[in-house]
Number of protein chains: 2
Amino acid sequence: MSYFLGIDGGGTGCRAAIADAQGRIVGRGMAGPANISVETQEACANILAAARAALAEAGQGRLDQMTAVLGLAGANVTAAARALQAMLPFRRARIVTDAVTAALGALGQDDGIVAAMGTGSVFAVQTGGRLRQYGGRGFVLGDEGSGAVLGRTLLAEALRAEDGFAPMTPLLRAVLKELGGAEGAISFGFRARPADFAAFAPRLLAPGDAAAERILAAALVQVQAMIEVLQAGRGLPVVFLGGLGPHYAARLQGHWPIRPPKGSGLDGALHLARQQA
Amino acid sequence: MSYFLGIDGGGTGCRAAIADAQGRIVGRGMAGPANISVETQEACANILAAARAALAEAGQGRLDQMTAVLGLAGANVTAAARALQAMLPFRRARIVTDAVTAALGALGQDDGIVAAMGTGSVFAVQTGGRLRQYGGRGFVLGDEGSGAVLGRTLLAEALRAEDGFAPMTPLLRAVLKELGGAEGAISFGFRARPADFAAFAPRLLAPGDAAAERILAAALVQVQAMIEVLQAGRGLPVVFLGGLGPHYAARLQGHWPIRPPKGSGLDGALHLARQQA
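Only a predicted model underlies this, so the values are computations on that prediction, with no experimental measurement involved.

K.L.:
Go over the overall build of chain A, please, and point to the residues and values.
P.N.:
Counting its regular elements, chain A contains ten helices and ten strands. For a compact globule of 277 residues, the expected C-alpha radius of gyration is about 19 Å, and chain A comes in at 21 Å, within 12% of that figure. The principal-axis extent of the C-alpha atoms belonging to chain A is close to 70 × 40 × 30 Å. Looking at chain A as a whole, 53% of its 277 residues are labelled buried. Pairs at least 24 apart in sequence give 60% of the contacts found in chain A among residues at least 6 apart.

Structural data, given as structure tokens:
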């Protein structure tokens, strides 16, 4: 009897599932963070902890006999992926980015476009069983429309308004006050990680503030234009994922068919694992 | 006989000058970096080394009898300025940002606008002897039109072009190749300091590349709009400083009177020191 292991690991946690040859899930497990570009050793320990928990629930199978697919944050850093590969005890293991497994889970076998709009952003297109990733270049040079970029844009706009370069609004004033004025906002900006900026993004979603509406409208234009490039006129269905996904989906309705995700990133990893065998 | 000390300190070095009551410079000195928000103790040591060198050249006066004005990078970080203040041996010392002394040096007593376009960017307006600083919010949340922001924009555009979201050009292709492709550019972006990004800005100034021209045109529009806000219709003369200053001056001719700087940041510090007395 052969079993398949799927892993879905990101910056906040790691999930594992074991499926049998028919695709039925027989065990699940969870553990701590698994962003392999941040801390490869710790990520490996958490991946194995989640896998062993799934194995215990399944009550059958052995890790060194399993075909595993791991969808992991940071797997686009080749050196980290190579280092992790050497540590894994599975019979076969394939490491891909969590964006790939999320997209496969969301689309299943269907052609379509996935726009994952969370703290970061990343896009994928699947046609004829081939999946290709776009964007996901990170907070400094990319991640267009992501929570981190939206939050950073909000803070920058507040500082511009404080100088008279943009109109001051109630939201901008409130944000400046919370951060201790312009000096506080600047020092927050220098030490903030992407998730710290992203914590401000939900503030843009409440209606009625002119600055919030302008920032959100610009992000919608940018994300729509990126999806149009990926569509290349094909009218593929689009699945929005991530914390901001439903908000983009609601505001970009009517341009293309918008679909809910078929499954999770863990489903995508298991699907790929069964394909490997 | 009373003497005045001016200090102009930034991330790469620190200059000192001593002037007599008539404003004649009687001694000059130089030393290492003096960005006080980065390393306050080291900055203080370099400031004192430069001051002692100026004193040696002057052959007269005593530091503990001098009125000093220090124009220093990082002086907008209040805690750093306060810590430095407690370490200084001068009779009186006033600490301001290097942007303030640069603007005072550039304008002298005249009304006008200063746009300092270097690795970062900062603006100042002087009217009726009052100087106010604008912008200079740093690389993450501001520094519009600066070398660091232009360089970062170039790299981000190269990554977008690599994904098909923007047209690929010879410059974008060359930049990606130098950085080892998209993955190399992304990891460069995560570890690069502002000066590392700014090193790419001169590439935008060579004519003929469509992406470079688009990025530069957008920066010109943004900087022009900021100066229009500061002008508030007054038609004040504008002085451009910094490595990119001459390039902005050449490309924004005709909107307002553009003037060369009257003097340096050290002149501005000495001017302020004599005003203090």
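Read on for the rest.
K.L.:
For the interface of chain B and chain A, give the residues involved together with the corresponding values.
P.N.:
Each partner contributes to the interface: chain B provides 32 residues, whereas chain A provides 32 residues. Both faces combined, the contact of chain B with chain A buries some 2700 Å², and carbon together with sulfur accounts for 59% of it. Sorting the residues of chain B by area buried against chain A places B:Arg137, B:Leu141 and B:Phe165 first, and these three jointly supply 31% of that buried surface. Here chain B and chain A share six salt bridges between them. A salt bridge links B:Glu144 to A:Arg160; the shortest N-O distance between them is 2.7 Å. Where chain B packs against chain A, one counts ten residue pairs in polar contact (both at pLDDT 80 or more).

K.L.:
Tell me about the packing of aromatic side chains, and please be specific about residues and values.
P.N.:
Residue and element names in this part refer to chain A. Tallied over the entire structure, the rule returns twelve aromatic pairs over all chains. Relative to phenylalanine 197, the ring of phenylalanine 188 has its centre 5.8 Å away and its plane inclined at 80 degrees; by these criteria the two rings are edge-to-face. Judged by its relative accessible area of 12%, phenylalanine 188 falls in the buried class. Judged by its relative accessible area of 0%, phenylalanine 197 is buried. Their ring planes at 80 degrees and their centres at 5.7 Å tell us that phenylalanine 188 and phenylalanine 200 sit as a pair that is edge-to-face. Highlighted residues: phenylalanine 188 in helix 6 (residues 181–191) and phenylalanine 200 in the loop between helix 7 (194–198) and helix 8 (210–231), separated in sequence by twelve residues. Phenylalanine 200 shares its class with phenylalanine 188; the two are buried. An aromatic cluster of at least three residues, connected via ring pairs, comprises Phe139, Phe188, Phe197 and Phe200. The residue whose ring lies beneath arginine 152 is phenylalanine 139, and the NZ or CZ to ring-centre distance is 4.4 Å.

K.L.:
A description of the pattern of salt bridges should follow, citing residues and the corresponding values.
P.N.:
Enumeration over the complete set of coordinates arrives at 22 salt bridges over all chains. Between A:Arg137 and B:Glu162 there is a salt bridge, and its shortest N-O distance comes to 2.8 Å. Of this pair, A:Arg137 sits in the loop between strand 8 (130–135) and helix 4 (147–162) while B:Glu162 sits in helix 4 (residues 147–162), on two different chains. You can call A:Arg137 buried: its relative accessible area is 12%.

K.L.:
Please set out the relation of the copies chain B and chain A residue by residue, giving values where relevant.
P.N.:
Mapping chain B onto chain A is achieved by rotating through 180 degrees and translating by 0.0 Å along the same axis, at an RMSD of 0.0 Å. As the rotation angle and translation indicate, the two copies are arranged about a two-fold axis. Across chain B, the smallest distance between a C-alpha and the rotation axis is recorded for B:Val140, namely 4.4 Å. Take the interface residues of chain B: 100% of them recur as interface residues in chain A, which is what a same-surface contact looks like.

K.L.:
Which residues make up the pairing of strand 2 (residues 14–20) of chain B, and what values do they have?
P.N.:
For a regular strand, side-chain orientation follows a simple rule: the groups alternate between the two sheet faces. All names here are of chain B. Counting buried residues in strand 2 gives six out of seven residues, a clear majority hidden from the surface. Pairing between strand 2 and strand 3 (residues 25–31): six bridges, direction antiparallel. Note that in strand 3 the partner of isoleucine 18 across the bridge is glycine 27. Joining the antiparallel neighbours strand 2 and strand 3 is a turn of four residues, in which glycine 23 adopts a positive phi near 90 degrees.

K.L.:
Just give me the short version of the sheet that holds strand 3 (residues 25–31) of chain A, but keep the residues and values in it.
P.N.:
Residue and element names in this part refer to chain A. Strand order across the open sheet formed by five strands is 3-2-1-4-5, with mixed pairing between neighbours. This sheet does not close on itself; its edge strands, each paired only once, are strand 3 and strand 5 (92–97). Averaged over neighbouring strand pairs, the angle between their axes works out to 15 degrees when direction is ignored. When strand 1 (residues 3–9) meets strand 2 (residues 14–20), the two strands line up antiparallel, connected through seven bridges. When the bridges of strand 2 are listed, phenylalanine 4 appears paired with alanine 19. Contacts between helix 1 (residues 40–58) and the sheet are confined to strand 1, strand 2, strand 3 and strand 4 (67–72), with strand 3 contributing the most and set at about 145 degrees to the helix. Running over the sheet, helix 3 (residues 98–107) touches strand 1, strand 4 and strand 5 and is turned about 90 degrees from strand 5.

K.L.:
How would you summarise the sheet that holds strand 8 of chain A if you had to cite specific residues and measurements?
P.N.:
All names here are of chain A. In space, the five strands of this open sheet follow the order 8-7-6-9-10, with mixed pairing throughout. Each edge of the open sheet is held by one strand with a lone partner, namely strand 8 and strand 10 (258–259). As defined by bridge partners, strand 7 (residues 121–127) adjoins strand 8 across six bridges and the pair is classed as antiparallel. Looking at strand 8, one finds that alanine 124 is bridged to glutamine 133.

K.L.:
Talk me through helix 5 (residues 170–178) of chain B; I want residue IDs and the actual numbers.
P.N.:
All names here are of chain B. Residues of helix 5 that are buried include every one of Leu171, Leu172, Val175 and Leu176, and no others. For helix 5, the angular spread of the buried residues around the axis is 135 degrees, confining them to a single face. Seen from the buried face of helix 5, the exposed residues on the opposite side, beyond 90 degrees, are Pro170, Arg173 and Lys177. Where the residues of helix 5 are buried, they touch helix 4, helix 6 (181–191) and helix 8 (210–231). At the exit of helix 5 stands glycine 180, carrying a positive phi of roughly 85 degrees.

K.L.:
Outline the domain arrangement of chain A, supporting the account with residue identities and numerical values.
P.N.:
Domains assigned within chain A are domain 1 (3–108 + 262–276) and domain 2 (147–259). The C-alpha-based centres of domain 1 of chain A and domain 2 of chain A are spaced at 32 Å.

K.L.:
Let's hear about helix 4 of chain A: which residues, and what values?
P.N.:
Counted at 1.5 Å a residue, the expected span for helix 4 of chain A with its 16 residues is 22 Å, and the 23 Å between its end C-alpha atoms agrees. Following helix 4 of chain A by one or two positions, A:Gly164 adopts a phi angle in the positive range, close to 85 degrees.

K.L.:
Break down the UniProt feature "domain: ATPase BadF/BadG/BcrA/BcrD type" (unreviewed entry) in chain A for me, with residues and values.
P.N.:
As recorded in UniProt, the sites labelled "domain: ATPase BadF/BadG/BcrA/BcrD type" (unreviewed entry) are residues 5–243 of chain A. With 43% helix and 23% strand, residues 5–243 of chain A has its two end C-alpha atoms placed 26 Å apart.

About the criteria used
- Residues numbered from 1 in each chain as written.
- Chains lettered and ligands numbered in written order.
- Predicted model: local features only at pLDDT ≥ 70, side-chain atom pairs only at ≥ 80, totals over all residues.
- Heavy atoms only, no water.
- Helix = DSSP H or I, 4+ residues; strand = E, 2+ residues; numbered from the N terminus.
- Rg over C-alpha atoms; globule rule 2.2 N^0.38 Å.
- Buried < 20%, exposed > 50% of the residue type's maximum accessible area, 1.4 Å probe, protein only.
- Contact = heavy atoms within 4.5 Å.
- Buried area = accessible area lost by both parts, 1.4 Å probe.
- Salt bridge = Lys/Arg side-chain N within 4 Å of Asp/Glu carboxyl O.
- Polar contact = N/O pair within 3.5 Å; in protein donor to acceptor, adjacent residues only side chain to side chain.
- Phe/Tyr/Trp six-rings, centres within 6.5 Å; stacked < 30°, edge-to-face > 60°.
- Lys NZ or Arg CZ within 6 Å of the ring centre and 35° of its normal.
- Least-squares fit on C-alpha atoms with pLDDT ≥ 70 in both.
- Pairing = 2+ DSSP bridges.
- Axes fitted to C-alpha atoms, helices over the stretch in contact; angles between N-to-C directions.
- Arc of directions from axis to C-beta.
- Domains from an automatic or database assignment.
- Expected span 1.5 Å × (residues − 1).
- UniProt positions renumbered as here; feature names shortened; annotations may be inferred.

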